[in-house]
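In case you want the letters, here they are:
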Amino acid sequence: MTQSSPNSRVKSLHHLFSRQALARQKFKLKETIKYLNDPDVVFLGGGLPMSNYFPWKKIIGYSPSAPFREGIDNQPTDDSEATIAELVKYQTQGGCNTDIPLSTSLQYGSAQGQAALISFLKEHTELIHNIPNNDWDITLTTGNTQAWDATLRTFCDPGDSVLVEEYTFAASIEAVKPLEVNCFPVSIDDHGIVPEKLDELLNNWDASKKKPKLLYTIPTGQNPTGSTLSAERREAIYKIACKHDFIIVEDEPYYFLQMGNYQPKPERTEYSESPVEDRTHEKLLQSLVPSFIHFDTEGRVIRLDSLSKVLAPGVRIGWIVAQKKVIEKYVYLNEVSIQSPSGFSQSMVHSLLTRWGQTGYLEWLIELGHQYTIKRDFTMDVLTEVLPKSVASVVAPTAGMFFSIVLDGSKHPDFKTKFESDPLKVEEALFEASVKEGLLLVPGSWFQSPNFKARDDTFFFRGTYAAVPLDKLKIGLTRFGDAVKKFYDLYK
Amino acid sequence: MTAKDLSHLLSIEAKTRRPSPLKTAFKYYGKPDIVFLGGGLPMSDYFPWDKVLAYSPEPPFADGIAAKPTEGKAVISELHKHKIEEFDVPLARSLQYGHTEGQPELLKFVKEHTALIHKIPNEEWDVVLSVGNTQAWDATLRTFCDPGDSILVEEYSFPSALETASPFQVDYVPVPMDNGGIIPEKLEELFENWDASNKKPKLLYTIATGQNPTGSSLSAERREAIYKIACKHDFLIVEDEPYYFLQMNDYKQGASEDPKHSYDEPKQTHEEFLAALVPSFSHLDTEGRVVRLDSFSKVLAPGVRLGWIVAQKKLLERYVRLHEVSIQTPSGFTQSLVQGLLGRWGQSGYVDWLIALRKEYTIKRDFTIDVLHKNMPKDVVEFFPPSAGMFFTVVLDASKHPDFKTKFASDPIKVETAIYEAGLEKGCLMIPGSWFQSPNFKPHDNTFFFRGTYAAVPLDQLKVGLERFGEAVKTVYGL
């Protein structure tokens, strides 16, 4: 990734805040906090219960140890090989003095998150993204679903518009609609958003209507299509955002599920045969596609990072990276909604990540990428064998957990008759046929943005290799291949 | 008893919510004959926690709940990816996506507890987990309030809750209180003069037990009267109840210093403990118009970030739709650890904990009121022993100040400010009651008050603080 000078000053985004966000401010009660640790003042101001009542004396977590050479799914059978985090209630009880003691993490605290965890995540963010401005900060979230909801509340009033990929994560659309915010689709191809189409859309925007506040994108391992935006496209899109003055919200739960290009056998070198010296941190950092925030000189990127696909979904911890004045608004919103993530989660995650260190965490991420590479390669090997190329195609994803199988509705013998030239009717019939065959992939039409316009007779199914073991994956994909062949009458 | 259909009270936002279409695919999940490649669920083999051990105090907490962590025997929760105890939530499930309402084992415990305590008189109630009452109140506003709607609030209330409501552009209607909380007759009076061109209020927001800031608790009789008014005028009652289990034994002056007084006598059975609790609004809820916000924050710990919402099923379903696109569900660590603990304590051990909690707060409350008796000048100050919660108030009469009409221009808030500053100068911070006024508040006399808490500091410090505050009052009033 290119080094940029971190000297640029961010632009004010004050004019893009929602009415709700503009109304949010610090509480009067919080002004008294300055007296909390004043030795001359007996503080009878706050309703904080005493930590001696918290019914947890000690919590111990057992985790795998860096560098995870046996794979990240290999838990140590011997405790002596495990990374053990012993969390005590009070610092004075011993334990590791860089941990967040339970008396702190289980108490009311900053809505931004525990300082020690913020510190680790900021270091990590700086290391990976090299943000080209000095005005950024982070706040913790309870995951990207909540972060996206908070983003809508912070920037959108009823009647505002947002831009989304023409196929996108359905739950994200469901979050938008009840807020009376309009979604407009941006054209995508096998490699994500097409920058020229985005520019065209905005150049031709109805001048009587307010321009969109933000672009919502899942740029790496896109859900549902599996595409990943290249560095060049990201730079181009960033320039368009500056030109038309909108915010880029990059929803990036799959950022560390990057896999590199797919190579079919026998050209492919299996990971287990690749030299250990090649699995370095430098190689990882070089191989990662740059994020939008890596280009963010103006401070108009809001990055939603999450531990859900990297550690576990139920941890319910993520973080938002944005310019300080924007983070401030998110923190005020946290104060009147989630407060902050679970203290257990914060302590467990912090104690694990600090024991691994930034180095060990990179090693985890390397092995995580490796696991997904194996699955992606296996999936593509099988699909190459079982999918009838005359009617179906798949582009190998370079990140994430999804792949999309694109089919041509017009190639079905009954397209014009039984299916009335409607590819979605073909999609529905094939969905049912494949479920009968014993395989479920999700129909692409379930991911359409509102105001979607079809451009051709294709449709697709989204699959994932994340959730099942490889043998089942092979069975499932083979069934799908059979279902397609039967359905399109290709056995004749 | 069948609950009433209250879907007409839902906000536009709530009415618009649809389940994600992907959720409909989930009915195929787990069917053995279908390979499900539908959900982006990472495999639990990759979750980097193999096991978690937790050490907690053991019922019946003979050393008290404030015992040092190294003392006493421990209840050990051993949590693995797979289940050990039947009531445990295995980490492979709690750290995975799913179960928006909450993990079934924890929901079961919380429902049983709720049924035991509140005996809700309708068949349609259910429970959904929240990440605490702040989030639950925010979710409630989103579910019921459109811009321009009115909400009834206690004339003094929790500023954070009032602040949460303000971006929703609601109209606040304050309800007059006395030292027993909301005055039902005054609530009814608000409706007698209601401007018919304005929509009637959607809901009443009340911190019914151990009210923040006044420390008052609504009696059973008042709750019944208020419930009837809610039925008559068709609004919801949102009872925000983080202090419900901080209900204390009756105050006896001097008990805190009487060596013969024992806080462990007379020993109460669980039945006696439960019978002594003030009934909740949920306990009266034949029509299904109560939304109860329960929280573990003051009972276990705030950082647990776990609570639960009790309401009729049809209304709760709208909360679930909201949670699917916002919080998802509480932290899996929280759910496994809390359920691990509650499962091992059982309902009985949990009641033991609540009894021990009550003892702690009773001791603190008794001490506080005894200190107030010694230090507050009773000719200008009034105070009432709270029966629940962590807050107490010291009420002053501004008109008794010799310079009230002159220096203070007959404004009680000016006297309040003088005392706040004098308090800080002497080295004690109590919060001015005016900071808790609802928007549209109307004063009805020349009194003002300060809110203090006995929750957060050791008793010796509390004494020093209240002595200083007493001095501050005497100084300002020239006594």
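Treat the numbers as computed from the prediction; the structure is a model and nothing was measured.

Some remarks on the overall build of chain B
Each helix and strand in chain B was counted, giving 13 helices and 17 strands. Here the C-alpha radius of gyration of chain B, 24 Å, is about what a compact globule of 479 residues would show, namely 23 Å. Projected onto its principal axes, the C-alpha coordinates of chain B cover approximately 85 × 65 × 40 Å. Across chain B, every contact between residues at least 6 apart in sequence was considered, and the portion connecting residues at least 24 apart equals 75%. With an accessible surface of roughly 17600 Å², chain B has 52% of that area assigned to carbon and sulfur atoms. In chain B, 53 side chains carry a positive charge and 65 a negative one; their mean positions are 2 Å apart.

Things to note about the interface of chain A and chain B
The interface of chain A with chain B comprises 108 residues on the first partner and 110 residues on the second. Roughly 9100 Å² of surface becomes buried between chain A and chain B when both sides are summed, with 65% attributable to carbon and sulfur atoms. If you sort the residues of chain A by the area they bury against chain B, Leu44, Tyr53 and Lys57 of chain A come out on top, with a joint share of 10%. Our enumeration of links across chain A and chain B arrives at three salt bridges. Residue Arg142 of chain B is joined to Asp149 of chain A by a salt bridge in which the shortest nitrogen-to-oxygen separation is 2.8 Å.

Overview of helix α4 (residues 104-118) of chain B
Spacing of three or four residues puts side chains on the same side of an α-helix, whose turn is 3.6 residues. Residue and element names in this part refer to chain B. When the terminal C-alpha atoms of α4 are compared, their 20 Å separation across 15 residues agrees well with the 21 Å that a helix rising 1.5 Å per residue should span. Among the residues of α4, Glu105, Leu106, Leu107, Phe109, Val110, His113, Thr114, Ile117 and His118 are the ones counted as buried. On its buried face, α4 sits against α3 (91-94), β4 (125-130), α9 (270-276), β11 (290-295), β12 (307-312) and α11 (332-375). One or two positions beyond α4, positive phi appears at Lys119, with a value near 45°.

Re the sheet that holds β12 of chain B
Each strand in a sheet pairs with its neighbour through backbone hydrogen bonds, running either in the same direction (parallel) or in the opposite one (antiparallel). Residue and element names in this part refer to chain B. Strand order in the open sheet formed by seven strands is β4-β12-β11-β10-β9-β5-β6, and the pairing between neighbours is mixed. Here the strands that pair on one side only, and so sit at the sheet edges, are β4 and β6 (171-175). Across this sheet, the average inter-strand angle for adjacent strands is 20°, counted without regard to direction. In the sheet, strand β5 (residues 150-154) pairs with strand β9 (residues 203-206) via three bridges, with the strands oriented parallel. When the bridges of β9 are listed, Val153 appears paired with Tyr205. Packing of helix α5 (residues 133-144) onto the sheet brings it into contact with β4, β5, β9, β10 (236-240), β11 and β12, and relative to β11 it is tilted by some 160°.

A closer look at the side chain of Ser342 of chain A
All names here are of chain A. Mapped onto the elements, Ser342 comes out in the loop between α9 (324-335) and α10 (343-386). A distance of 3.1 Å separates the side chain of Ser342 from the backbone nitrogen of Phe344, its partner in a polar contact. From its side chain, Ser342 meets the backbone nitrogen of Ser345 in a polar contact 3.1 Å long.

Describing the packing of aromatic side chains
Per the counting criterion, the structure on display carries 39 aromatic pairs over all chains. On the numbers, 5.3 Å between centres and 85° between planes, the contact of Phe184 of chain A with Trp205 of chain A is edge-to-face. Of the two residues, Phe184 of chain A is situated in strand β6 (residues 182-186) and Trp205 of chain A in the loop between α6 (195-203) and β9 (214-217); the sequence distance between them amounts to 21 residues. For Phe184 of chain A, a relative accessible area of 25% puts it in the partly exposed group. Note on Trp205 of chain A: relative accessible area 16%, which makes it buried. Relative to Tyr319 of chain B, the ring of Phe144 of chain B lies with its centre 6.3 Å away and its plane at 65°, an arrangement referred to as edge-to-face. Note that Phe144 of chain B is positioned in helix α5 and Tyr319 of chain B in helix α10 (residues 313-324), a separation of 175 residues in sequence. Accessibility classification places Phe144 of chain B together with Tyr319 of chain B in one group, the buried group.

Structural notes on the UniProt feature "domain: Aminotransferase class I/classII large" (unreviewed entry) in chain B
According to UniProt, the positions carrying the feature "domain: Aminotransferase class I/classII large" (unreviewed entry) are residues 96-469 of chain B. The span residues 96-469 of chain B shows a helical share of 39% and a strand share of 17%, and its end C-alpha atoms are spaced 52 Å apart.

Rules behind the numbers
Residues numbered from 1 in each chain as written. Chains lettered and ligands numbered in written order. Predicted model: local features only at pLDDT ≥ 70, side-chain atom pairs only at ≥ 80, totals over all residues. Heavy atoms only, no water. Helix = DSSP H or I, 4+ residues; strand = E, 2+ residues; numbered from the N terminus. Rg over C-alpha atoms; globule rule 2.2 N^0.38 Å. Contact = heavy atoms within 4.5 Å. Areas by Shrake-Rupley, 256 points an atom, 1.4 Å probe, with all protein chains shown as cover. Lys, Arg positive; Asp, Glu negative; His and termini not counted. Charge placed at Lys NZ, Arg CZ, Asp CG, Glu CD. Buried area = accessible area lost by both parts, 1.4 Å probe. Salt bridge = Lys/Arg side-chain N within 4 Å of Asp/Glu carboxyl O. Expected span 1.5 Å × (residues − 1). Buried < 20%, exposed > 50% of the residue type's maximum accessible area, 1.4 Å probe, protein only. Pairing = 2+ DSSP bridges. Axes fitted to C-alpha atoms, helices over the stretch in contact; angles between N-to-C directions. Polar contact = N/O pair within 3.5 Å; in protein donor to acceptor, adjacent residues only side chain to side chain. Phe/Tyr/Trp six-rings, centres within 6.5 Å; stacked < 30°, edge-to-face > 60°. UniProt positions renumbered as here; feature names shortened; annotations may be inferred.

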